[in-house]
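Each chain, letter by letter, is given below.
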Amino acid sequence: MRLLTRLMAVTASTVTVLSVTAAVSAAAAPELVVNGTFGSGTAPWWKSANTTMALDAERLRVNVPGGTANPWDAMIGHNDIKLTSGKAYKLSFDASASAPVTAVTTVQLANSPYTNTLTKTISLTTTSKRFSFPFTSSLSTSGGQVSFQLGKNAGFSFYLDNVSLTETSSASPSPTPSPTTTPTASPTTSPTTTPKPEEPGSGPVAMTDGFYVDPQSNPAIWVRANAGDSRAARIKSSISDKPMARWFGNWSGDVGAAVSRHVAAADAANKLPVLVAYNIPGRDACGGHSGGGAGSESAYKTWISAFASGIGNRPAIVVIEPDSLGDFGCMTDPAIQARNRMLVYATQQFRDKAPNAWAYLDGGNAGWVAAGTMATRLKNAGVGNIRGFSVNVSNYYTTAQSATYASSVNASLGGTAAFVIDTSRNGNGSNGEWCNPAGRKLGTPTQLGGGGGAEMLLWVKIPGDSDGNCGIAPNVPAGQFSPAIAIRLIDGT
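Just so we're clear, the structure is a prediction, and the values are computed from it rather than from any experiment.

Asks: I'd like a description of empty space enclosed by the protein, backed by residues and values.
Replies: In this model, the largest cavity occupies a volume close to 70 Å³. Lining the largest cavity, in full, are Tyr396, Arg425, Asn436, Pro437, Arg440, Ile472, Ile485, Arg488, Leu489 and Thr493.

Asks: Residue-level account of the pairing of strand β15 (residues 388-391), with values.
Replies: As paired elements, strand β14 (residues 357-362) and β15 share three bridges and run parallel to each other. Paired with aspartate 362 across the bridge in β15 is serine 390. Taken together, β14, helix α8 (residues 371-380) and β15 constitute a β-α-β crossover, and its handedness is right-handed. In terms of strand pairing, β15 meets strand β16 (residues 418-422) through four bridges, oriented parallel. By the bridge assignment for β16, phenylalanine 389 is matched with phenylalanine 419. Note that the unit made of β15, helix α9 (residues 399-412) and β16 has a crossover that is right-handed.

Asks: Give me the sheet that holds strand β7 (residues 116-124): which residues, what numbers.
Replies: Pairing is antiparallel across the open sheet formed by five strands, whose spatial order is β1-β4-β9-β6-β7. Two strands close off the open sheet at either side, each with one partner strand: β1 (46-47) and β7. Across eight bridges, the pairing between strand β6 (residues 101-109) and β7 is antiparallel. Within the sheet, the bridge partner assigned to glutamine 108 lies in β7 and is asparagine 116.

Asks: How would you explain the state of the cysteines if you had to name every residue and give the values?
Replies: Two cysteines form a disulfide when their sulfur atoms are joined by a covalent bond. Applying the stated criterion across every chain, the model contains one disulfide. Between the sulfur of cysteine 435 and that of cysteine 470 lies a disulfide, 1.6 Å long from S to S. Residues cysteine 435 and cysteine 470 are joined through a disulfide that is left-handed, its torsion about the S-S bond being -65 degrees. Of the two residues, cysteine 435 is situated in the loop between β16 and β17 (447-448) and cysteine 470 in the loop between β18 (456-458) and α10 (483-491); the sequence distance between them amounts to 35 residues. One exposure class covers both cysteine 435 and cysteine 470, and it is buried.

Asks: Explain the environment of glutamine 108 to me, using residue names and the numbers behind them.
Replies: Following the sequence through the fold, glutamine 108 ends up in strand β6. A sequence separation of 29 residues divides glutamine 108 from asparagine 79, and the C-alpha atoms of the two residues are 9.5 Å apart. Within the local environment of glutamine 108, its side chain forms a polar contact with the side chain of threonine 106, the two groups lying 3.4 Å apart.

Asks: Give me the lowdown on the sheet that holds β16, citing residues and values where you can.
Replies: Here we have eight strands laid out as an open sheet, ordered β11-β12-β13-β14-β15-β16-β18-β17, and mixed in their pairing. Two strands close off the open sheet at either side, each with one partner strand: β11 (246-248) and β17. The pairing of strand β13 (residues 316-320) with β14 spans five bridges and is parallel. Within the sheet, the bridge partner assigned to valine 318 lies in β14 and is alanine 359. Helix-sheet contacts for helix α5 (residues 255-268) involve β11 and β12 (274-277), and the interaxial angle to β11 is about 170 degrees.

Asks: Tell me what's going on with the confidence of the model for the chain, and back it up with residues and numbers.
Replies: Detailed reading of the predicted coordinates is not advisable wherever pLDDT falls low. Of all residues in the chain, 86% attain a pLDDT of 70 or more, and the chain-wide mean is 87. A low-confidence stretch, residues 1-27 (pLDDT under 50), is modelled with 29 contacts involving residues beyond four sequence positions or located in other chains. Counting contacts from residues 170-198, a segment whose pLDDT is below 50, to residues more than four positions away or on other chains yields 106 contacts.

Asks: For helix α7 (residues 333-353), give the residues involved together with the corresponding values.
Replies: Counting along an α-helix, one turn takes 3.6 residues, and residues three or four places apart therefore face a common direction. Between its first and last C-alpha atoms α7 spans 30 Å; for 21 residues at 1.5 Å apiece the expected length is 30 Å, and the two agree. Buried residues along α7 sit against α6 (297-311), β13, β14 and α8.

Asks: Describe the pairing of strand β5 (residues 88-97), and please don't skip the residues or the numbers.
Replies: Judged by how many residues are buried, β5 sits mostly within the fold: ten of ten residues are covered. By the alternation rule, side chains of β5 split into Ala88, Lys90, Ser92, Asp94 and Ser96 and Tyr89, Leu91, Phe93, Ala95 and Ala97, which are all buried. As judged from the eight bridges shared by β5 and strand β8 (residues 129-136), these two strands associate in the antiparallel manner. Directly across from phenylalanine 93, in β8, lies its bridge partner phenylalanine 131. Bridge analysis of β5 against strand β10 (residues 156-168) gives nine bridges, and the strand direction is antiparallel. Pairing of serine 96 across the sheet is with tyrosine 159, part of β10.

Asks: An account of the packing of helix α3 (residues 218-225) against helix α4 (residues 232-240) is requested, with residue identities and associated values reported.
Replies: Following both chains from N to C, one finds α3 and α4 inclined at 155 degrees, their axes separated by 10 Å at the closest point. Viewed along their axes, α3 and α4 adopt a mutual orientation that is roughly antiparallel. Seen along the crossing, α3 lies across α4 with a hand that is left-handed. Contacts between α3 and α4 involve Pro219, Ala220, Trp222 and Val223 from the first element and Ala232, Ile235, Lys236, Ile239 and Ser240 from the second. Its residues placed into classes, the contact of α3 with α4 shows seven nonpolar, one polar and one charged.

The rules behind these values
Residues numbered from 1 in each chain as written. Predicted model: local features only at pLDDT ≥ 70, side-chain atom pairs only at ≥ 80, totals over all residues. Heavy atoms only, no water. 1 Å grid on protein atoms, 1.4 Å probe; cavity = no way out; pocket = protein on both sides within 12 Å on 5 of 7 lines; lining within 4 Å. Points joined across faces, edges and corners; volume = space filled by probe spheres on them. Pairing = 2+ DSSP bridges. Helix = DSSP H or I, 4+ residues; strand = E, 2+ residues; numbered from the N terminus. Right-handed = clockwise from strand over helix to strand, strands pointing away. Disulfide = S-S within 2.5 Å. Buried < 20%, exposed > 50% of the residue type's maximum accessible area, 1.4 Å probe, protein only. Polar contact = N/O pair within 3.5 Å; in protein donor to acceptor, adjacent residues only side chain to side chain. Contact = heavy atoms within 4.5 Å. Axes fitted to C-alpha atoms, helices over the stretch in contact; angles between N-to-C directions. pLDDT = per-residue confidence, 0-100. Expected span 1.5 Å × (residues − 1). Parallel < 35°, antiparallel > 145°, perpendicular 65-115°, else oblique. Left-handed = near helix turned anticlockwise from the far one by under 90°. Nonpolar A, V, L, I, M, F, W, Y, C, P; charged D, E, K, R; others polar.

Here you go:
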């Protein structure tokens, strides 16, 4: 088995073959784990008294007895890991077990008080799976430890291979429920962003087995409460049984606790949840149906910090503040600057406090803001700190139209950002109306990949939730589920 290494991107100014070779050689990240492929035996890996350790088909096999009271009562580890506080790292490994079990992996001090800088519960099956956990170290030490805590299970065998711990590049900060605005435009520029270190088969995608179906979505709650309604079965099969986002705002109460409960439920099912942060002050600035948000800049910073902390080390997808970069035409310059400060802060919080979440700053839709202008706004709002941006949230443009727009935005960002598309209601495209228009239809359900280079197609808007008192639902407030809207989206009427 070969050692896994990471090569950092070669800059665009490197034009000769010799320069490329030199850049690649210099960019290889130092490996902090010795013998992570177990090609030269088991040393320097150690085991606790409650385990036995041996090589098995060029991987490490650890036999674990049953009956231990705590995860750390049966463990293996690797000491003498050097860490620097504030630096970004990634721990990766292949693991499986002889039976489905959970285990804990940590990066921590090897000696008392055993302070950890990464702790992650992993779900193991008989199929080997690649795990990848980026984190920012809170420790400065030459006495760090990578450990796998395997106790508190029935007896089983643990298999481990290709363990890697490397320092990664930290992104530098950038300068400082429904869309309801009209298109605006401003001059365009062509900024660049920091390349994203993870690939689509890694990060939270690799840590989970498919997307999370939210049992507490508005459609799911309605279906359970109205089982005798003739529409319930169709809404269940076409909408509420599909993965979709959970939106969090000032209605969520203690947002840290609310986010944590939702992400924990998804994590327990080994599924990937999609969350939306929707609480920016002055939300829906152009006077639509979804106004509100936090009461001040400081209140928002407290709120979004708690949101990111609620995710912690667990895997998640996050869409940050739909509409927030599209409605500048209805805002004063000081308000725009304040919004940029809050969004930059938000991106930094997800980068630093939710290392296994991929976050996407909302980039409007194909009919709103010119692509170059949106790229400038995204850069100024901190998109370089996170995975990328989202488009078409709560709108109706086709996947092809949205991908074309997003690709143009990304080109102006230097081609380094990933993007996702909201396909929840775009099956029939847009007729130019945004507020509960007739004739719209469900789009492609949530999935990895998509036409035109999208990293994911997501149901971000909840199908059946009203855009406001308008269109085909003049008496249904924004965010309230309507079975009549849902059925029309199923039928495309």
